[in-house]
Every structure is written in structure tokens, then in C-alpha cells.
Amino acid sequence: MKPTMLFAIVMLTAIVLITSFDLQFGASTPIAVPESMAANVLYVCPVASGTWDAVARALMPFTRSITIGFLFAAMILMFSWGWALYQNLLKDSFKRESFKNPWAFTKMWFWAGVIVLMAALTPNHFREVHLTGSTSSYVLCDNNTPGARAVRASAVHN
């Protein structure tokens with residue numbers, strides 16, 4: 001593997017991990033909550049209106065249709081692999097050409113799945129919550145995250 005390709009893979013992996021787990025280089029001051037309320041408080045931050053979150057929200061109504069289409073393509077893929085295998089078993093010889101189309105379809109199916117999953121399941125998808133009485137969306141965060149605010153745990157719904 002070329003060094004530039006290895007560097008790109010390492011950097012992309014680092015970026016995904018840093019953004020997914022909200023890692024920070026500098027420390028922030030935590031929010032002071034009275035001891036009597038500490039067990040009943042969750043910390044939320046406003047959702048940053050990014051392009052990926054908008055794409056994920058746009059795909060949300062079509063999640064069921066996308067899943068059905070993906071499973072339909074998986075079944076067609078299994079039949080195409082089975083047919084290629086059957087053709088080779090009938091002739092009692094291995095012909096590489098019969099596996100050319102199933103392999104191309106497998107690669108296309110895999111990368112389509114990866115792209116749709118990355119577009120639909122952004123890191124905020126798993127952390128997003130709604131507050132009772134608020135029309136805005138929030139994400140759960142730590143008490144030392146900039147922009148965090150303490151709210152009653154009973155007011156937080158996913």
C-alpha cells in the first residue's frame with residue numbers, strides 16, 4: 001500500500017473517531033449543578049445544522065423503502081452467485097467469466113450500502129433528543145462541552 005493511501009486512511013479514521021466521540025484537545029469548565037439535582041439532570045447541546053444532518057433527516061421517511069430495496073438486492077445477489085456456482089458445477093469446471101457479473105454487482109451493492117448508511121446514520125442520529133415544550137432538536141453531551149445546558153432528565157425524550 002502506498003504511503004499516501006495509508007496516510008489518507010489513517011486521517012479519515014481519526015476524523016471519524018474524533019467527531020463521533022466528540023473528542024476535544026482543550027478542557028472546558030463544567031456546568032455547576034446543585035448536589036440535590038445532580039441525579040436528575042442531563043446535559044444537552046443544540047444540534048449544529050450541518051449538511052449531513054439535513055441529508056439524514058431527508059432520508060428518514062424513506063428508511064423502510066431503502067431497507068426493503070437493500071434486502072431485495074441482497075436476495076437477487078444471492079441468486080446470481082448461486083446461478084454462477086450452479087453453472088460451474090454443471091460443467092464440472094471453473095469458468096472465471098461466469099462470476100464476473102455477480103462480483104461486479106456485489107461491489108456495487110456493498111458501496112451503495114456504505115454510502116446510504118453513512119448518509120442516513122450520522123453521529124448525531126444516535127445522540128439526538130427532544131425536550132418537552134421545545135421545538136428544537138438537541139444532542140446529549142457532557143457537562144463541559146461548550147454550549148451545554150442542564151435540563152431535567154424527565155423532560156428529555158428520544
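Residues numbered from 1 in each chain as written. Predicted model: local features only at pLDDT ≥ 70, side-chain atom pairs only at ≥ 80, totals over all residues. Heavy atoms only, no water.

Engineer: With reference to specific residues and values, describe the overall build of the protein.
Structural biologist: Summing up its helical and strand segments, the protein has five helices and five strands in all. Helices and strands in the protein line up, N terminus first, as α-β-α-α-α-α-β-β-β-β. Out of the 158 residues in the protein, the part that is buried amounts to 20%. Considering only contacts within the protein whose residues lie at least 6 apart along the sequence, 70% involve residues at least 24 apart. Carbon together with sulfur atoms contributes 70% to the accessible area of the protein, which is approximately 12200 Å² in total. (Helix = DSSP H or I, 4+ residues; strand = E, 2+ residues; numbered from the N terminus. Buried < 20%, exposed > 50% of the residue type's maximum accessible area, 1.4 Å probe, protein only. Contact = heavy atoms within 4.5 Å. Areas by Shrake-Rupley, 256 points an atom, 1.4 Å probe, with all protein chains shown as cover.)

Engineer: Lay out the sheet that holds strand β2 (residues 128-131) in plain terms, naming residues and giving numbers.
Structural biologist: Overall, antiparallel pairing links the five strands, which are arranged β4-β1-β3-β2-β5 in an open sheet. Bordering the open sheet on either side are β4 (149-152) and β5 (156-157), each of which pairs with just one other strand. Bridge count between strand β1 (residues 41-46) and strand β3 (residues 137-140): three bridges; the pairing is antiparallel. Each bridged residue has a counterpart across the sheet, and for C45 the counterpart in β3 is V139. (Pairing = 2+ DSSP bridges.)

Engineer: How would you summarise the nonpolar core if you had to cite specific residues and measurements?
Structural biologist: Among the nonpolar cores identified, the biggest contains seven residues, and these are V41, Y43, C45, V47, V139, C141 and A148. For this core, the element with the most residues is β1, which contributes three residues. Of all hydrophobic cores here, the second largest spans six residues; its members include V129, L131, Y138 and V156. (Core = buried A, V, L, I, M, F, W, Y, C linked by side-chain atoms within 4.5 Å.)

Engineer: Please give an account of the state of the cysteines that cites residues and values.
Structural biologist: A complete count under the given rule lists one disulfide for this structure. C45 shares a disulfide with C141; S-S distance 2.2 Å. Negative torsions about the S-S bond denote left-handed disulfides, and the value of about 90 degrees found for C45 with C141 makes this one right-handed. With a gap of 96 residues between them, C45 in strand β1 and C141 in the loop between β3 and β4 connect regions that are remote in the sequence. Grouping residues by exposure puts C45 and C141 together as buried. (Disulfide = S-S within 2.5 Å.)

Engineer: Tell me about the side chain of N88, residues and numbers included.
Structural biologist: Examined against the element boundaries, N88 turns out to sit in helix α3 (residues 63-91). Ignoring anything within four residues of it in the chain, the contact list for N88 reads S93, F94, K95, S98 and F99.

Engineer: Could you give me a rundown of helix α4 (residues 100-120), with the residues and numbers involved?
Structural biologist: Compared with an ideal rise of 1.5 Å per residue, which puts 21 residues at 30 Å, α4 spans 30 Å between its outermost C-alpha atoms and is within 8% of the ideal. What α4 keeps buried is the set P102, T106, G113, A119 and A120. (Expected span 1.5 Å × (residues − 1).)

Engineer: Let's hear about the pairing of β1: which residues, and what values?
Structural biologist: As paired strands, β1 and β4 are joined by four bridges and run antiparallel to one another. By the bridge assignment, V44 is partnered in β4 with R149.

Engineer: Any chance you could break down unusual backbone geometry for me, citing the residues and the numbers?
Structural biologist: Non-glycine residue D92 carries a positive phi angle of around 55 degrees. Positionally, D92 belongs in the loop between α3 and α4.

Engineer: Give me a nonpolar patch on the surface: which residues, what numbers.
Structural biologist: A grouping of F70, L71, M75, M78 and F79 is seen on the molecular surface, where their side chains present a nonpolar patch of about 560 Å² in accessible area. Within the fold, M75 resides in helix α3. (Patch = residues over 30% accessible without salt bridge, like charges linked within 9 Å, V, L, I, M, F, W, Y side chains within 5 Å. Salt bridge = Lys/Arg side-chain N within 4 Å of Asp/Glu carboxyl O.)

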